[in-house]
Number of protein chains: 2
Amino acid sequence: MEGANALTFMLSWVSHTDVQDRDYKFLRKAVEEVYEGVECGDGGPFGAVVVQNDQVVVSCHSMVLKNTDPTAHAEVTAIREACKKLKQTELSDCEMYASCEPCPMCFGAIHLSRIKRLVYGAKAEAAIAVGFGDFSADASRGTGFYQKAQLDIKRADSCRTGL
Amino acid sequence: MEGANALTFMLSWVSHTDVQDRDYKFLRKAVEEVYEGVECGDGGPFGAVVVQNDQVVVSCHSMVLKNTDPTAHAEVTAIREACKKLKQTELSDCEMYASCEPCPMCFGAIHLSRIKRLVYGAKAEAAIAVGFGDFSADASRGTGFYQKAQLDIKRADSCRTGL
């Protein structure tokens, strides 16, 4: 699938929504990062935002290609940048807004950083559908890997919220 | 547990072994990184080595404290450095030697980097026993998270190999 089509597919869940509440405001910021990252060619179509006390600490997209670093997913990049900015190795008073359900690596990083709340947009299956590996979805979802994380996880589901 | 005791505990599996084969040679290098990392105070007692064509590409230890980065585990740091050095985002012709069984974040990073073979020393329970979180062991081992990784995984078990 072409990059533009893939992007359209992945963002379809949010295409007709308005910013109706706090979560969508920050999630929309993460989606803006998706567009920016794709335009720059820095990496895949993924964005992540770290929020502390209702303020955006950092807003990042995948830097895998730009940095020649397979670990530089949007979420990992955001954690690194937020920790650097806040000068702390834990983000226990922070939330993460991710454009897509995090892969196991990113989920592990979120856990290790002690982020207290995760809100994501597209399900991992959306990334799989546009050509990313199937490592991200049911490989860990529902397992002890998720259960052990003391983390509030919310999918911003447009159906559930009536958007 | 004090740092010195923790280190002794974690390395007990290798304390009485000699370098008897190729795997142990590189694994010993990873263990040397453990000592170096602890002496420097750069991070936890973990080391990782990336090998390509029987040559060490990079040899790293945890940089979590030094870099104020909870994602800078030894394995992730080694992948980042190796990719930078080799100027490629995949390490499909490389092996990783890790002093301890990788946590889910590191295991995800190993999968994403396409490393073809992983050899590790201490089991994750050793890290848990010395105070690290229990996120690393049975949370993912034996689940689809591991099964989906097309990766040759070997634990350098001193009993099994008669060392």
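In what follows, the accompanying structure is described. The structure presented is a predicted model; accordingly, all values stated were derived computationally and were not measured.

1. Topic: the overall build of chain A
Check the secondary structure of chain A and you find six helices and five strands. Residue burial in chain A is summarised as follows: out of 163 residues, 57% are buried. Look at the contacts in chain A between residues 6 or more apart in sequence, and 57% of them connect residues 24 or more apart. Just so you have it, chain A exposes about 7000 Å², and 48% of that area is on carbon and sulfur atoms.

2. What to know about the sheet that holds strand S3 (residues 94–100) of chain A
By way of backbone hydrogen bonds, the strands of a sheet pair with one another, either parallel or antiparallel. All names here are of chain A. The five strands are arranged S2-S1-S3-S4-S5 in an open sheet whose pairing can be described as mixed. Two strands bound the open sheet, and with one partner strand each, they are strand S2 (55–61) and strand S5 (152–155). Between one strand and the next, the sheet's axes are offset by a mean angle of 15°, whatever the strand orientation. Pairing of strand S1 (residues 47–52) with S3 involves five bridges; the strand directions are antiparallel. Paired with Ala-48 across the strands is Ala-98, a residue of S3. Where helix H2 (residues 22–40) meets the sheet, it contacts S1, S2, S3, strand S4 (117–122) and S5, and its direction lies at approximately 50° from that of S3. Set on the sheet, helix H3 (residues 74–86) makes contact with S1, S2 and S3; between it and S2 the angle comes to about 140°.

3. Notes on the sheet that holds strand S3 (residues 94–100) of chain B
All names here are of chain B. Here we have five strands laid out as an open sheet, ordered S2-S1-S3-S4-S5, and mixed in their pairing. Each end of this open sheet is capped by a strand with a single partner; those strands are strand S2 (55–61) and strand S5 (152–155). Between one strand and the next, the sheet's axes are offset by a mean angle of 15°, whatever the strand orientation. Pairing analysis gives six bridges linking strand S1 (residues 47–52) to S2, with the strands arranged antiparallel. Of the residues in S2, the one forming a bridge with Gln-52 is Gln-55. In this fold helix H2 (residues 22–40) packs onto S1, S2, S3, strand S4 (117–122) and S5, with an angle of close to 50° to the strand it touches most, S3. Relative to the sheet, helix H4 (residues 74–86) contacts S1, S2 and S3, its axis offset from that of S2 by approximately 140°.

4. Considering the packing of aromatic side chains
Pairs of aromatic rings are described using the distance from one ring centre to the other and the angle between the two planes. Residue and element names in this part refer to chain A. Overall, the coordinates contain two aromatic pairs over all chains when judged by the stated rule. Judged by centre distance (5.3 Å) and plane angle (45°), the ring pair of Phe-26 and Tyr-97 falls under tilted. In this pair, Phe-26 is assigned in helix H2 and Tyr-97 in strand S3, connecting sequence segments 71 residues apart.

5. Some details on the nonpolar core
Val-50, Ile-79 and Met-96 of chain A together with Val-50, Ile-79 and Met-96 of chain B are the most contacted members of the largest nonpolar core, which has 60 residues in total. Contacts of Met-96 of chain A, omitting those with residues within four sequence positions, involve Ala-48, Val-49, Val-50, Glu-75, Ala-78, Ile-79, Ile-110, Ile-115, Arg-117, Leu-118 and Val-119 of chain A.

6. Some points on the side chain of Glu-95 of chain A
All names here are of chain A. Following the sequence through the fold, Glu-95 ends up in strand S3. Within the structure, the side chain of Glu-95 is placed 2.9 Å from the side chain of Arg-117, a separation counted as a polar contact. Excluding residues within four positions of it along the chain, Glu-95 makes contact with Arg-22, Val-49, Val-50, Val-51, Ile-115, Lys-116 and Arg-117.

7. Some words on the pattern of salt bridges
Across all of its chains, the model carries 16 salt bridges over all chains by this definition. Between Glu-90 of chain A and Arg-114 of chain A there is a salt bridge, with its nearest N and O atoms 3.9 Å apart. Placement of the pair is Glu-90 of chain A in the loop between H3 and S3 and Arg-114 of chain A in the loop between helix H4 (104–113) and S4, with a sequence separation of 24 residues. Between Arg-117 of chain B and Glu-95 of chain B there is a salt bridge, with its nearest N and O atoms 2.9 Å apart. Remark: Glu-95 of chain B occurs in strand S3 and Arg-117 of chain B occurs in strand S4; sequence separation between them is 22 residues. A relative accessible area of 8% means that Glu-95 of chain B is categorised as buried.

8. Some remarks on the pairing of S4 of chain A
Residue and element names in this part refer to chain A. For S4, the tally of buried residues reaches six of six residues, placing the bulk of the element in the interior. In this sheet, S4 lies alongside S3 in parallel orientation, the contact comprising five bridges. Bridging across to S4, Cys-100 finds its partner in Ala-122. In the classification by handedness, the crossover that spans S3, the intervening H4 and the parallel S4 is right-handed. Note that S4 and S5 share four bridges and pair parallel. The partner of Tyr-120 across the bridge, within S5, is Arg-155.

The rules behind these values
Residues numbered from 1 in each chain as written. Chains lettered and ligands numbered in written order. Predicted model: local features only at pLDDT ≥ 70, side-chain atom pairs only at ≥ 80, totals over all residues. Heavy atoms only, no water. Helix = DSSP H or I, 4+ residues; strand = E, 2+ residues; numbered from the N terminus. Buried < 20%, exposed > 50% of the residue type's maximum accessible area, 1.4 Å probe, protein only. Contact = heavy atoms within 4.5 Å. Areas by Shrake-Rupley, 256 points an atom, 1.4 Å probe, with all protein chains shown as cover. Pairing = 2+ DSSP bridges. Axes fitted to C-alpha atoms, helices over the stretch in contact; angles between N-to-C directions. Phe/Tyr/Trp six-rings, centres within 6.5 Å; stacked < 30°, edge-to-face > 60°. Core = buried A, V, L, I, M, F, W, Y, C linked by side-chain atoms within 4.5 Å. Polar contact = N/O pair within 3.5 Å; in protein donor to acceptor, adjacent residues only side chain to side chain. Salt bridge = Lys/Arg side-chain N within 4 Å of Asp/Glu carboxyl O. Right-handed = clockwise from strand over helix to strand, strands pointing away.

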